[in-house]
Amino acid sequence: MISVAVKIETACGTCRMPMPVNTLAGRVSCPTCGRPTSIANDLWQALLREPLYNGQRLLPKEVRRSSAGKLSVAYIRRAPSCQGCETEIPAASIGEVLDQAMLRCDRCAVQTWVRAVPTDMAGALPNITHLVGEAPTRLAGAPAPQAEPATFPCPQCGSPIAFDGVSRACMCRFCGASVHVPDEFVYRGQRKVVAHWYLCFHPSVTVCAPAAQAVAAGLFDWEELPEAAVDAEGNLYCAATQSRWFFDENGRLQQKIDHMLWSLDPSLSIRWLQRDRPEPVRFLGCVKDMLVVLGAGSSPPLRLSSTTGNPVEDADFAAPSIELAEIEHRLLACSPDGSLLFQKDGKLRRVAPGGAELPVWPNSAPRNEADDEPPYSLNSIADCPVTVPSSLTGMHFGPDSSLYLQEANMVARFDATGRKVYCVELGSNSADRRSLLLGADLDGRVYVIRSDRLVQVGAAGGQNVVLLAERDALPRARMTIAACPDGSFWLFGEKGLAWKFAPGGRLLFASEKEPRPKNPTVDEVVQQHVESTMEMLKVRGQAEVENMQRVEREVTRRENVRESRIFAVSWTLGLVFIVALVIAIKFRC
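Report follows, based on the coordinates. (Residues numbered from 1 in each chain as written. Predicted model: local features only at pLDDT ≥ 70, side-chain atom pairs only at ≥ 80, totals over all residues. Heavy atoms only, no water.)

### Structural notes on the pairing of strand 17 (residues 253–264)
At step 1: Of the pairings in the sheet, the one linking strand 16 (residues 236–248) to strand 17 comprises 12 bridges and is antiparallel in character. When the sheet's bridge partners are listed, Gln242 is paired in strand 17 with Asp258.
At step 2: Taken together, the 4 bridges between strand 17 and strand 18 (residues 270–274) define a ladder with antiparallel strand orientation. Its bridge partner being in strand 18, Trp262 is matched across the sheet by Leu273.
At step 3: Hairpin geometry of strand 17 and strand 18 is characterised by an intervening segment of 5 residues between the two adjacent antiparallel strands and by a positive phi of about 75° at Leu268. (Pairing = 2+ DSSP bridges. Helix = DSSP H or I, 4+ residues; strand = E, 2+ residues; numbered from the N terminus.)

### A closer look at the sheet that holds strand 26 (residues 394–397)
At step 1: Strand order in the open sheet formed by 4 strands is 26-27-28-29, with antiparallel pairing between adjacent strands. Strand pairing shows two members of the sheet lacking a second neighbour, strand 26 and strand 29 (420–425), which therefore form its edges. Put simply, the sheet's adjacent strands are angled 15° from each other on average, direction ignored.
At step 2: Sheet topology places strand 26 next to strand 27 (residues 403–406); 4 bridges connect them, and they run antiparallel. Pairing of Gly394 across the sheet is with Gln406, part of strand 27. (Axes fitted to C-alpha atoms, helices over the stretch in contact; angles between N-to-C directions.)

### A word on the sheet that holds strand 24 (residues 347–351)
At step 1: An order of 22-23-24-25 is seen for the 4 strands of this open sheet, with the pairing classed as antiparallel. Sheet topology places strand 22 (332–334) and strand 25 (357–358) at the edges, where each strand pairs with a single neighbour.

### Notes on the environment of Val522
At step 1: By the element assignment, Val522 lies in helix 6 (residues 522–588).
At step 2: Put simply, Val522 and Trp245 are 277 residues apart on the chain and 5.6 Å apart in space, counted from C-alpha to C-alpha.
At step 3: Each residue touching Val522, except ones within four places of it in the same chain, is listed here: Trp245 and Leu253. (Contact = heavy atoms within 4.5 Å.)

### Observations regarding helix 6
At step 1: Here helix 6 spans 97 Å end to end across 67 residues, near enough to the 99 Å set by a 1.5 Å rise per residue.
At step 2: Residues Val525, Val539, Ala543 and Glu546 constitute the buried set of helix 6.
At step 3: Against the buried residues of helix 6 lie strand 2 (18–20), strand 16 and strand 17. (Expected span 1.5 Å × (residues − 1). Buried < 20%, exposed > 50% of the residue type's maximum accessible area, 1.4 Å probe, protein only.)

### Regarding the pairing of strand 29
At step 1: Here strand 28 (residues 410–414) pairs with strand 29 via 5 bridges, running antiparallel. Opposite Phe414, over in strand 29, you have Lys420 as the bridge partner.
At step 2: Count of turn residues in the strand 28/strand 29 antiparallel hairpin: 5 residues, of which Gly418 carries a positive phi of about 100°.

Below is the structure:
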């Protein structure tokens, strides 16, 4: 269970005073004037979307702010805690609440209100499971709070009048005057400050569609091209680096860099997600139930579990006896049997999973590699090649153990025995060589990214243009491909763009079409922080001015009442004196 603490505030539409929103409800009362303010479901959804989207990725003390309409929210990832002693509330206790309950703290006996999302809001906020620590209010369906008694002076005689928090009509027990309780005393006992309350949700349950779950969970938020691979079951594995800017609790601008590693099943549901892993440079392949990954600055490849993404130890795999750090990553491939094939000094070399060097081609006759002439191009390569052109730009193993070698404008296929199946020319429109441009399926079809088209080369060498930039707006300048065994394929671009296509080129999924909050740039983060700070200072300043004006009006009113009383007493005394003087004169006469 993920929990995010939120502080929400707005301004009352009637009295314009700052109004804390300490509960999730369709109407919230102003603590100053008592007037209710309506908050529609779509406004709640817009306001809470960013806390839910970014909540699982926040650092322990990272504070973020967002706004929707006149509502503003500050949120931080924090476990729900008792409002009395800050003791953490067990997640199991929260999960047991089906409707609503008051959980009593074992340490200080303070009760905390916990409830499930209201039925009328469940559609707008489908991933929230519980709300914790809201301020109990009748408008939100909470138990009625106990009345907090208060006293205020009688406007006639000044004697204290008790107010029970319910009835607005009172009678002074000293002078018998009927008094209407002023607003400031009606709402004296209610909370007037913005307080933390908590959203509890499951990170993988964001919306109904699995594809939207992956997008909303932030998996497609990379800037540079990701690394991707697909296993024999069609599961997608992706590694990407994400960066984001934020202001911490001390107001300092910070940058956080995450190395993400995750997997989706063929239905695009999230299988697992790993954060803060070492940065992968290249996915080399999927062997049995493991991922073979070449890490940054790491010579031996890493082996990760395909079901969890955690590192695994296997006695059958060992570090190769050949240094791989200086080898071009695009000229390194992993076969389905776990052996590594790479080019070094113009020669192909193969290393077994156990680390020992193997013949490049199994069951091939021994050859004197020193007598091999460096080939001019892939066209001049024969069966079972060992020496390859220096212009080689990529190599890739298909799921059927076929090896594909690529030059700038050529692709050659060799079967598992080393027999050359074909060498085809793709044209002069080459793509960015830094990208992974090859992907093959189980039937021997290979997909090759060019600068303005995606070409499918059949098992026998026939070519077919699957995507054309002028027609389909794909491919683009820099892209990476990962082919599935059934012939469907993934394309990945920069800035979180990803597409999945059926074997014929029909679009199945596009990350750009799924709704998600925009990941703000550093300038936008700074601008938003400045605007929210200025708005907060403006609201507070306006509230202080209005409070001072209200105090001045109250002081003036009381002064006028006092002067009126003094004037009335003076006139009364003067009248009494005159009457007494008249009576005294009559008696003398």
